[in-house]
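# Descriptive structure summary
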Amino acid sequence: SCKPFAHMTTLNELWISSNNIATFDDVAPISSLGTRDGACFTEVYLEHNPIYNDFEYRKRLKEMIPSLEQIDANLIAGDTSGRPAVSQMSPEAMVQQMRLLQEKAVKRAMQEKEQNANNQENK
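As a starting point, this report considers the structure included with it. What you see is a predicted model; the values in this text were computed from it and never measured.

### Side note on the overall build of the protein chain
Helix and strand counts for the protein chain stand at three helices and four strands. Reading the helices (α) and strands (β) of the protein chain from amino to carboxyl end gives β-α-β-α-β-β-α. For the protein chain, buried positions account for 29% of its 123 residues. Long-range pairs, those at least 24 residues apart, make up 63% of the contacts in the protein chain between residues at least 6 apart in sequence. If you sum the accessible surface of the protein chain, you get close to 8,100 Å²; carbon and sulfur atoms cover 50% of it.

Structure (structure tokens):
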């Protein structure tokens, strides 16, 4: 959980990679650091936590903490998708990002299909 950091109102960045942060509820305590007037909380590093595997990880973090400009070394300033702006990416990086997003989308669809099949079997 990020609860121990919630009182740090002048926090600029937080590096908590590899800390078993699994849900957005675990991140919720620090969301107020990015929504208050004069928020200076602009960077968070949550790589290598279970939450990092969520399909909409960066997008949801940006929605929760609007002041964020960088998530896990990815600049996101002014981009509500939580991904680097296309103009900031090389063509190779853009192709890599598109492949990664496609792989995640396929994985998510397969997981949903499997879950639906399991739900049908349990009925």
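### Here's the deal with the nonpolar core
Judged by nonpolar contacts, the single largest core of 20 residues is most densely connected at Val 27, Ile 30, Phe 41, Val 44, Leu 46, Leu 61 and Leu 68. At the level of secondary structure, the elements contributing two or more residues to this core comprise α1 (24-27) and α2 (57-64). Ranked by residues supplied to this core, first place goes to α2 with three residues.

### As for unusual backbone geometry
One non-glycine residue, Asn 20, lies in the positive phi region at around 60°. By the element assignment, Asn 20 lies in the loop between β1 (13-15) and α1.

### Notes on the sheet that holds strand β4 (residues 74-75)
Taken together, the four strands give an open sheet; going across it, the order is β1-β2-β3-β4, and neighbouring strands pair in mixed fashion. Only two strands of the sheet have a single partner each, and these edge strands are β1 and β4. Sheet topology places β1 next to strand β2 (residues 43-45); three bridges connect them, and they run parallel. Paired with Leu 14 across the strands is Val 44, a residue of β2.

### Some points on the packing of aromatic side chains
Remark: the centre distance and the inter-plane angle together describe each pair of aromatic rings, the angle taken between the planes. Scanning the model with the defined rule gives two aromatic pairs in all. Judged by centre distance (3.9 Å) and plane angle (25°), the ring pair of Trp 15 and Tyr 45 falls under stacked. Taken together, the residues Trp 15 in strand β1 and Tyr 45 in strand β2 connect sequence positions 30 residues apart. A residue is classified by how much of its surface remains accessible, and Tyr 45, at 7% relative accessible area, is buried. Ring plane angle 65° and centroid distance 5.2 Å describe the contact between Tyr 52 and Tyr 57, whose orientation is recorded as edge-to-face.

What counts, and where the lines are drawn
- Residues numbered from 1 in each chain as written.
- Predicted model: local features only at pLDDT ≥ 70, side-chain atom pairs only at ≥ 80, totals over all residues.
- Heavy atoms only, no water.
- Helix = DSSP H or I, 4+ residues; strand = E, 2+ residues; numbered from the N terminus.
- Buried < 20%, exposed > 50% of the residue type's maximum accessible area, 1.4 Å probe, protein only.
- Contact = heavy atoms within 4.5 Å.
- Areas by Shrake-Rupley, 256 points an atom, 1.4 Å probe, with all protein chains shown as cover.
- Core = buried A, V, L, I, M, F, W, Y, C linked by side-chain atoms within 4.5 Å.
- Pairing = 2+ DSSP bridges.
- Phe/Tyr/Trp six-rings, centres within 6.5 Å; stacked < 30°, edge-to-face > 60°.

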